[in-house]
Amino acid sequence: MTAKLIDGKKLAEKVRQRLKIVVKSLKKKPKLVVVLVGDNPASQIYVKNKQKYALEVGIESDVIRLDKTVEEKKLLKIIKKLNKDKKVNGILVQLPLLSHINEFDVINAISPQKDVDGFSVYNKGLLSIGKDALVPCTPLGIMEMFKEYKINLKGKLAVVVGRSNIVGKPMAQLLLNNDATVIQCHSKTKNLSDITSKADILISAVGKKNLITEKYVKDGAIVIDVAMIRDEKNKKWLGDVNFEKVSKKASFITPVPGGVGPMTIAMLLQNTITAYKEQNKK
Ligand code: GUN
């Protein structure tokens, strides 16, 4: 079998076009505020892209840049002010934070109604009991891919490799909430390939190049690669999946780059609009 490509770049463009129309129909422009602490180069690129696409869709976007020495108290004060600001619909604190700052306390200081990353315990709790919530953007983007490519999840065996709070756990919950049978694997899982090779849908979010070779994949499986690993030597981005080999066996596959990555930002914009609508409900 030769896999069909799931084109995240194209789908993200389509989602942004859709969101642009939605924004035009709103009374006011939704507003997203991104808080960036320090000068992590990857974070700077992510934040720049978040701003660029927010602007494209018509979402107002501010970036608050703070020095890497900023005290947690000051950061919490800024978040509290943003929580109260009626003009602000979405707040995102770019991760990772520096080690002197407690990430949990900062994320959970964000009002759950403005938590467009869906990382707060409140939104995570709602997701875990299957209620409407602001859902983390990467797994939400993957669900959008399933919808677009008419991939039915009901009763399918979905295996998620990775258990992070940002991707692995919310991904497994979304799949479960949509009637898949879910197995969650992680770094301590024994005989990983015995499990992954049974999957109808395989989602890998580890960050280890060539982890998923053809022996890990069932014939005709749907393979989603969440990893983004920089290969400085060849100036390339790589995923967990050996694309060349696995694409000969799978029925659908996401590339890296141009797969899951572009969907994450599109879903952040969608979450900002969702937050705006909820806050402006009569
Ligand atoms: N750092 C890497 N990915 C993310 C994300 O989705 N949200 C935030 N806030 N920080 C990140």
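Residues numbered from 1 in each chain as written. Predicted model: local features only at pLDDT ≥ 70, side-chain atom pairs only at ≥ 80, totals over all residues. Heavy atoms only, no water.

> I keep staring at the overall build of the chain and nothing clicks. Help me out?
Scanning the chain from N- to C-terminus turns up 10 helices and 11 strands. Rg of the C-alpha trace for the chain: 19 Å, near the compact-globule value of 19 Å for 282 residues, within the 12% margin. The principal-axis extent of the C-alpha atoms belonging to the chain is close to 55 × 40 × 35 Å. Counting over 282 residues, the chain shows a buried share of 50%. Across the chain, the fraction of contacts at a sequence separation of at least 24, relative to all contacts at a separation of at least 6, is 71%. (Helix = DSSP H or I, 4+ residues; strand = E, 2+ residues; numbered from the N terminus. Rg over C-alpha atoms; globule rule 2.2 N^0.38 Å. Buried < 20%, exposed > 50% of the residue type's maximum accessible area, 1.4 Å probe, protein only. Contact = heavy atoms within 4.5 Å.)

> Help me out: how do you make sense of the sheet that holds strand β5 (residues 157-161) in this one?
Picture the strands of a sheet paired through backbone hydrogen bonds; they go either parallel or antiparallel. Across the sheet, 6 strands lie side by side as β1-β11-β8-β7-β5-β6; this open sheet has parallel pairing. Bordering the open sheet on either side are β1 (4-5) and β6 (181-185), each of which pairs with just one other strand. Bridge count between β5 and strand β7 (residues 201-204): 4 bridges; the pairing is parallel. Paired with Ala158 across the strands is Ile201, a residue of β7. Against the sheet, helix α7 (residues 168-177) touches β5, β6 and β7, its axis set at about 165 degrees to β6. (Pairing = 2+ DSSP bridges. Axes fitted to C-alpha atoms, helices over the stretch in contact; angles between N-to-C directions.)

> What is the right way to look at the site of the ligand in this model?
Near the ligand you find Lys50, Leu92, Val93, Gln94, Leu95, Asp117 and Phe119, and these make up its full shell. Contacts to the ligand include Val93, whose backbone N or O atom sits 2.9 Å from a nitrogen atom. Between the ligand and the protein, one listed contact pairs a nitrogen atom with a side-chain N or O atom of Asp117 at 2.5 Å. In the complex, 79% of the free accessible area of the ligand, which totals 280 Å², lies under the protein chains. Among the cavities detected, the one that contains the ligand is the largest pocket. Here the residues of the shell around the ligand are counted per class, giving 4 nonpolar, 1 polar and 2 charged. (Near = heavy atom within 4 Å. Polar contact = N/O pair within 3.5 Å; in protein donor to acceptor, adjacent residues only side chain to side chain. Areas by Shrake-Rupley, 256 points an atom, 1.4 Å probe, with all protein chains shown as cover. 1 Å grid on protein atoms, 1.4 Å probe; cavity = no way out; pocket = protein on both sides within 12 Å on 5 of 7 lines; lining within 4 Å. Sits in = over half its atoms within 2 Å of the grid points. Nonpolar A, V, L, I, M, F, W, Y, C, P; charged D, E, K, R; others polar.)

> What's the story with the confidence of the model for the chain in this structure? I'm lost.
Where the model shows low pLDDT, its predicted coordinates should not be examined in detail. Summarising the model, the chain shows a mean pLDDT of 97, and 100% of its residues fall at 70 or more. When pLDDT is averaged over each element of the chain, β5 comes out on top at 99 and strand β9 (residues 229-231) at the bottom at 92. (pLDDT = per-residue confidence, 0-100.)

> How should I be thinking about the packing of helix α1 (residues 8-24) against helix α10 (residues 260-279) in this particular structure?
How two helices sit against one another is set out by the angle between their axes and by the gap between those axes. Contact geometry of α1 with α10 gives a least axis separation of 8 Å together with a crossing angle of 20 degrees. Between α1 and α10, the interaxial angle falls into the category roughly parallel. The element α1 and its partner α10 pack so that their crossing is left-handed. Side by side, α1 and α10 meet where Gly8, Lys9, Leu11, Ala12, Val15, Arg16, Arg18, Leu19, Val22 and Val23 of the first sit next to Pro262, Met263, Ala266, Met267, Leu269, Gln270, Ile273 and Lys277 of the second. (Parallel < 35°, antiparallel > 145°, perpendicular 65-115°, else oblique. Left-handed = near helix turned anticlockwise from the far one by under 90°.)

> Could you clarify how one ought to interpret helix α2 (residues 41-57) in this entry?
Residues spaced three or four apart along an α-helix point in a common direction, a consequence of the helix completing one turn every 3.6 residues. If you check α2, its first and last C-alpha atoms are 25 Å apart, about what 17 residues at 1.5 Å a residue would give, namely 24 Å. Ser43, Val47, Lys50, Tyr53, Ala54 and Val57 are the residues of α2 that are buried. For α2, the angular spread of buried residues about the axis comes to 135 degrees, placing them on one side. The exposed residues of α2 that point more than 90 degrees off its buried face are Pro41, Ile45, Lys48 and Leu55. As for α2, its buried residues are in contact with α1, β2 (31-37), β3 (60-66), β4 (90-93) and α10. The opening residue of α2, the one whose side-chain oxygen lies 3.0 Å from the backbone nitrogen of Ala42, is Asn40. (Expected span 1.5 Å × (residues − 1). Arc of directions from axis to C-beta.)

> Explanation requested: the packing of aromatic side chains in the structure shown.
Ring pairs (aromatic) are described by centroid distance and by the angle formed between their planes. Applying the stated criterion to the full structure yields 1 aromatic pair. Here Tyr149 and Phe252 contribute two aromatic rings whose centre-to-centre distance is 6.1 Å and whose plane-to-plane angle is 75 degrees, an arrangement assigned as edge-to-face. Remark: Phe252 occurs in strand β11 (residues 252-253) and Tyr149 occurs in the loop between α6 (137-148) and β5; sequence separation between them is 103 residues. Look at Tyr149 and you get buried, because its relative accessible area is 19%. (Phe/Tyr/Trp six-rings, centres within 6.5 Å; stacked < 30°, edge-to-face > 60°.)

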